[in-house]
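Examining the three-dimensional arrangement
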Protein chains: 2
Amino acid sequence: MAVMAEWIAVDWGTSRLRAWAMKGDEILAEASSDAGMSKLTKTEFEPALLGLIEDWLGHGQTEVVACGMVGARQGWVEAPYAAVPVAPLSAPPIRVPDTDPRLAAYVVPGLKQTRQPDVMRGEETQVAGFLSAHDDWDGVICLPGTHTKWIHISAGEVVSFRTFMTGEIFDLLSGASVLRHSVGEGWDDTSFQSGLDATLSRPESISAELFGLRANDLLNGADPNACRARLSGLLIGAELAAARAYWLGQSIAVVGAEKLSATYAQALKKQGAFVTLVNGQDMTIAGLIAARKAKGT
Amino acid sequence: MAVMAEWIAVDWGTSRLRAWAMKGDEILAEASSDAGMSKLTKTEFEPALLGLIEDWLGHGQTEVVACGMVGARQGWVEAPYAAVPVAPLSAPPIRVPDTDPRLAAYVVPGLKQTRQPDVMRGEETQVAGFLSAHDDWDGVICLPGTHTKWIHISAGEVVSFRTFMTGEIFDLLSGASVLRHSVGEGWDDTSFQSGLDATLSRPESISAELFGLRANDLLNGADPNACRARLSGLLIGAELAAARAYWLGQSIAVVGAEKLSATYAQALKKQGAFVTLVNGQDMTIAGLIAARKAKGT
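The rules behind each value
Residues numbered from 1 in each chain as written. Chains lettered and ligands numbered in written order. Predicted model: local features only at pLDDT ≥ 70, side-chain atom pairs only at ≥ 80, totals over all residues. Helix = DSSP H or I, 4+ residues; strand = E, 2+ residues; numbered from the N terminus. Contact = placed C-beta atoms within 7 Å. Domains from an automatic or database assignment. Nonpolar A, V, L, I, M, F, W, Y, C, P; charged D, E, K, R; others polar. Least-squares fit on C-alpha atoms with pLDDT ≥ 70 in both. Buried ≥ 20, exposed ≤ 12 C-beta atoms within 10 Å, placed from the backbone. Pairing = 2+ DSSP bridges. Axes fitted to C-alpha atoms, helices over the stretch in contact; angles between N-to-C directions. Parallel < 35°, antiparallel > 145°, perpendicular 65-115°, else oblique. Left-handed = near helix turned anticlockwise from the far one by under 90°. Core = buried A, V, L, I, M, F, W, Y, C linked by C-beta atoms within 7 Å. pLDDT = per-residue confidence, 0-100.

1. Points about the overall build of chain A
When its secondary structure is counted, chain A shows 9 helices and 14 strands. Counting only C-alpha atoms and orienting by the principal axes, one finds that chain A spans roughly 65 × 40 × 35 Å. Within chain A, contacts between residues separated by at least 24 positions form 66% of all contacts whose residues are at least 6 apart in sequence.

Shown next as structure tokens:
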């Protein structure tokens, strides 16, 4: 039987487009494609979305609420950043002009930090989703990914945040540097832990330790899985050392994909931190539901 | 008039092949191609070299002395590493078997370090070239490049060394990461210095500072040249922080390409170090001359 959406929730990032057919707070169906923001010009956003969700549309106009890089200057519509400290959804979603008449499409603005320049698009929606279920939560939200965010939350507002390119650097080093000859696809907990310990205690050693992975393989024939896990440990250890002011002595929620979140949680717990694991996609949807409610329907 | 080489010096790295027609210590001609070791299979080395130097060959057999990645396991012939502490040319060059009868080709072995795993191929020849003109030199040689080496020299031997992937990471970040949108081709000394100071004093900040380059550009429209120089400063500052045990209070010779060497020298002098700048290619040729003499002709 065909699904008809009351409204459509959209997570539109740099490399992926994900959409959910919604009825109130309930998910009726989902769909995704690789039509990420980085692959589209201004006029290609609407066709990319319609191609994915057209079957969910009824006779009237259907509301679409989207978050992520879709709101960048090069996106579907520019949704200007709100400046922290601010509640994550305090700026109203921006209506996309001149759409197909079957759509009333809105994009959630990202957040910016002026003093220590930083930006986010998409994570503010996940933060809102998390806060919608944790009213009085004060602490830190860590969103691991290509660009990991550490976000300090107090009294329902994003107070400050910091972005780390750890995921992107891991991908470049393991896939495009000389280390690609030594790095496999698997994992080894002991090697992750030893890499983590090395850079957490001596963060400056990161740039020396990296080539050591290759040299150790050349001289001693290292296990590719151990090499991959140690590389991850070295990079996450350096990040945790730099983000210490965020997590030390704080309640931490790690929000993201299951495996990567578990890796961060393992590292943080080893440092004595109190960590809650939360599914990232659930928070995106909860945040889009909150964004729709905030703007009024 | 056609050049006839008494012997041929070859610097054969991962990405480039460089050859010099020599008469004793004198350069008669030079040639280069992009037939680097990474692009060749075992049987392609000899044709790649002959294509470059065939015009220099006389009727008899001509000696070829090569250094660099050409001696790797996947190279023309494997020239096994000598273990430090050791004089840079103490292991004799390896004869390439079954060559064209016009060639007697030799490859200089690289060096390895067992305790803190590390390897070099090519730099040992530059070190030998430097020491051939600086007999009693005790101190540190820094060879900046794709993989920067810090080498501790004492009593004519390589005592220990450490490799940093700084150049390769700079290329990946400026060319293939999200920072490519903000990084230009130019330079700005003040931005280099501020990046350097940031990571030299707080090396753990490197992973947080990187995305700041992008965010600052998005929010404030940063100058692409300043962004490139600051990225370089951040990475070199992190390297210098990790290599402090090598350079602090030592005589330092920076051996490499002119511009990059000057950048390292500027950074080191700011830290109060005593620095000599030496041309890298000159040292390669001097080292190959020394390698030829060491093996006997």
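Having seen it, we continue.
2. What to know about the domain arrangement of chain A
All names here are of chain A. Looking at the assigned domains, one finds that chain A contains domain 1 (1-114) and domain 2 (122-283). Centre-to-centre, using C-alpha coordinates, domain 1 lies 28 Å away from domain 2. Tallying the contact residues gives 15 residues for domain 1 and 12 residues for domain 2. When its residues are assigned to classes, the side of domain 1 that touches domain 2 shows 10 nonpolar, 4 polar and 1 charged.

3. A look at the interface of chain A and chain B
Taken together, the contacts link 34 residues of chain A with 34 residues of chain B. Looking at the side of chain A that touches chain B, the elements that each hand over two or more residues are strand S9 (118-120), strand S12 (157-164), helix H3 (166-176), helix H5 (206-220) and helix H6 (224-242) of chain A. The element best represented in the side of chain A that touches chain B is H5 of chain A, accounting for 10 residues. In terms of residue class, the side of chain A that touches chain B is made up of 17 nonpolar, 11 polar and 6 charged.

4. Quick notes on the relation of the copies chain A and chain B
You can overlay chain A on chain B at an RMSD of 0.0 Å; the transform is a turn of 180° with a shift of 0.0 Å along its axis. These values place the two chain copies in the arrangement generated by a two-fold rotation axis. Taking the C-alpha atom as reference, chain A places glutamate 204 of chain A closest to the rotation axis, 3.0 Å from it.

5. Section: the environment of lysine 293 of chain A
All names here are of chain A. Mapping lysine 293 onto the fold places it in helix H9 (residues 280-295). A count of 13 C-beta atoms within 10 Å places lysine 293 in the partly exposed class. As for lysine 293 and glycine 24, which are separated by 269 residues in sequence, their C-alpha atoms are 9.8 Å apart.

6. Focus: the sheet that holds S9 of chain A
Overall, mixed pairing links the 3 strands, which are arranged S5-S8-S9 (chain A) in an open sheet. Both outer strands of the open sheet, strand S5 (82-83) and S9 of chain A, are each paired with one neighbouring strand and no more. Across 2 bridges, S5 of chain A lies against strand S8 (residues 111-113) of chain A in parallel orientation. Along S8 of chain A, the bridge assignment pairs alanine 82 of chain A with leucine 111 of chain A. In this fold helix H5 (residues 206-220) of chain B packs onto S8 and S9 of chain A, with an angle of close to 85° to the strand it touches most, S9 of chain A.

7. Observations concerning the sheet that holds strand S13 (residues 251-256) of chain B
Residues and elements named next belong to chain B. Across the sheet, which stays open at both edges, the 5 strands sit in the order S12-S11-S10-S13-S14 with mixed pairing between neighbours. Of all strands in the sheet, those with a lone pairing partner are strand S12 (157-164) and strand S14 (274-279), marking the two edges. Neighbour-to-neighbour, the strand axes of the sheet open up by a mean angle of 20°, direction not taken into account.

8. Some words on unusual backbone geometry
All names here are of chain A. Residue proline 85 is bonded to the preceding valine 84 through a cis peptide linkage, with omega at 0°. Non-glycine residue aspartate 98 carries a positive phi angle of around 55°. By C-beta crowding, aspartate 98 is classed as exposed, having 7 other C-beta atoms within 10 Å.

9. What about the packing of helix H4 (residues 189-201) of chain A against H6 of chain A?
Residues and elements named next belong to chain A. Packing of H4 against H6 leaves a shortest axis separation of 6 Å and a crossing angle of 30°. Comparing their axes, H6 and H4 come out roughly parallel. At the point where H4 passes H6, the crossing takes the right-handed sense. Each of Ser191, Phe192, Gln193, Ser194, Gly195, Leu196, Asp197, Ala198, Thr199 and Leu200 in H4 lies in contact with H6, whose residues at this interface are Ala226, Ala229, Arg230, Leu231, Ser232, Gly233, Leu234, Ile236, Gly237, Ala238, Leu240 and Ala241. When its residues are assigned to classes, the contact of H4 with H6 shows 12 nonpolar, 8 polar and 2 charged.

10. With respect to the nonpolar core
Ranked by size, the top nonpolar core spans 196 residues in total, and within it Ile8, Ala66 and Ile141 of chain A together with Ile8, Ala66 and Ile141 of chain B carry the most contacts. Beyond its immediate chain neighbours, meaning those up to four positions away, isoleucine 8 of chain A contacts Ala19, Trp20, Ala21, Met22, Ile53, Trp56, Thr62 and Val64 of chain A.

11. Observations regarding the pairing of strand S10 (residues 139-143) of chain B
All names here are of chain B. Of all 5 residues that make up S10, 4 are buried, and the element is covered over most of its length. Sheet topology places S10 next to S13; 3 bridges connect them, and they run parallel. Directly across from isoleucine 141, in S13, lies its bridge partner alanine 253.

12. Re the pairing of strand S3 (residues 26-33) of chain B
Residue and element names in this part refer to chain B. One ladder, built from 7 bridges, connects strand S2 (residues 17-23) with S3; its direction is antiparallel. The partner of alanine 19 across the bridge, within S3, is alanine 31. In this structure, the hairpin formed by S2 and S3 is closed by a connection of 2 residues, where glycine 24 is found at a positive phi of approximately 60°.

13. What to know about the packing of helix H6 (residues 224-242) of chain B against helix H8 (residues 258-270) of chain B
Residues and elements named next belong to chain B. Relative orientation of the contacting elements H6 and H8 amounts to 60°, with a least axis distance of 11 Å. Accordingly, the angle class assigned to the pair H6 and H8 is oblique. The interaxial crossing formed by H6 with H8 has right-handed handedness. Here H6 contributes Ser232, Ile236 and Leu240 to the contact with H8, which in turn contributes Thr263, Tyr264 and Ala267. Along the lines of polarity and charge, the residues of the contact of H6 with H8 split into 4 nonpolar, 2 polar and no charged.

14. What about the confidence of the model for chain A?
Summing up the model confidence of chain A, the mean pLDDT is 95 and the portion of residues at 70 or higher is 99%. Scored by ipTM, the complex comes to 0.94, with pTM at 0.94.

15. Quick look at the environment of glycine 75 of chain B
Residue and element names in this part refer to chain B. With respect to the helices and strands, the residue glycine 75 is situated in the loop between strand S4 (62-67) and strand S5 (82-83). By C-beta crowding, glycine 75 is classed as buried, having 21 other C-beta atoms within 10 Å. Expressed as a C-alpha distance, the spacing of glycine 75 and alanine 253, which sit 178 residues apart in the sequence, is 30 Å. Not counting residues up to four positions away in its chain, the partners in contact with glycine 75 are Met37, Met69 and Val70.

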